[in-house]
Amino acid sequence: MSDRTLAQTPEQLMRSRYTAYVIGDLPYIRKTWHRDYCPPDLSLEGLPEFIRLQIVSHSHSNNRGYVHFRAFYYTQDELTWMEEQSQFVKLSECWLYTTGEVK
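Q: If you had to explain the pairing of strand β2 (residues 64-75) to someone new, which residues and values would you point to?
A: Sheet topology note: the strand β1 (residues 50-60)/β2 ladder contains nine bridges and is antiparallel. Opposite Ile55, over in β2, you have Phe69 as the bridge partner. Hairpin geometry of β1 and β2 is characterised by an intervening segment of three residues between the two adjacent antiparallel strands. Two successive antiparallel strands, β2 and strand β3 (residues 78-91), enclose a turn made up of two residues, where Gln76 displays a positive phi of approximately 50 degrees.

As structure tokens, this is what we get:
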């Protein structure tokens, strides 16, 4: 998502944040993370090279949303994934990531 394009749903925001993780766009990740929840020492070092995103489920109301996803990557030549139930909030027409429960 460019600066001029706002995600219309939490799912759209999740997809754009996944892309930001893949290409290493830390400023975008910070920008789309609610400031009350974003870790001050956020770093992309040590993350695996993600190869695919699977949206398992998603829902949203007027100002709250949820996205359950799996992000796939290889470790020691074996395909594995990280799974999370992410929470989002909508502030002033802008969806923001708040927290996630890793499964």
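Q: Please give an account of unusual backbone geometry that cites residues and values.
A: With glycine set apart, most residues show a phi of negative sign, and most peptide bonds adopt trans. With a phi close to 50 degrees, Gln76 is a non-glycine residue in the positive phi region. Relative to the helices and strands, Gln76 is located in the loop between β2 and β3. Despite not being glycine, Ser92 shows a phi value in the positive range, around 50 degrees. Turning to its location among the elements, Ser92 is positioned in the loop between β3 and β4 (94-102).

Q: Tell me about the side chain of Thr98, residues and numbers included.
A: Residue placement: Thr98 occurs in strand β4. Note on Thr98: relative accessible area 9%, which makes it buried. Dropping the residues within four chain positions of it, Thr98 is found in contact with Trp33, His34, Tyr37, Gln87, Phe88 and Val89.

Q: So what's going on with the packing of aromatic side chains? Which residues, and what values?
A: Enumeration over the complete set of coordinates arrives at five aromatic pairs. Between Phe72 and Trp81, the ring centres sit 5.6 Å apart and the planes meet at 55 degrees, which makes this aromatic pair tilted. For Trp81, a relative accessible area of 42% gives the class partly exposed. Consider the rings of Phe88 and Tyr97, whose centres lie 5.7 Å apart with planes at 75 degrees: the pair is edge-to-face. Taken as a pair, Phe88 and Tyr97 share a single burial class, namely buried. Three or more aromatic residues joined by ring pairs make a cluster, and in this case those are Tyr18, Phe50 and Tyr73. The ring of Phe72 has Arg52 sitting right over it, with the charged end atom 4.2 Å from the ring centre.

Q: For the pattern of salt bridges, give the residues involved together with the corresponding values.
A: Summed over all chains, the structure comprises three salt bridges. Salt-bridge contacts for Arg15 lead to Glu11; the nearest nitrogen and oxygen are separated by 3.0 Å. Taken together, the residues Arg15 and Glu11, both in helix α1 (residues 10-23) and four residues apart, mark about one turn of the helix. A salt bridge links Arg70 to Glu83, with the nearest nitrogen and oxygen atoms 3.3 Å apart. With a gap of 13 residues between them, Arg70 in strand β2 and Glu83 in strand β3 connect regions that are remote in the sequence.

Parameters at a glance
- Residues numbered from 1 in each chain as written.
- Predicted model: local features only at pLDDT ≥ 70, side-chain atom pairs only at ≥ 80, totals over all residues.
- Heavy atoms only, no water.
- Pairing = 2+ DSSP bridges.
- Helix = DSSP H or I, 4+ residues; strand = E, 2+ residues; numbered from the N terminus.
- Buried < 20%, exposed > 50% of the residue type's maximum accessible area, 1.4 Å probe, protein only.
- Contact = heavy atoms within 4.5 Å.
- Phe/Tyr/Trp six-rings, centres within 6.5 Å; stacked < 30°, edge-to-face > 60°.
- Lys NZ or Arg CZ within 6 Å of the ring centre and 35° of its normal.
- Salt bridge = Lys/Arg side-chain N within 4 Å of Asp/Glu carboxyl O.

Distances and angles like these do not, on their own, reveal function.
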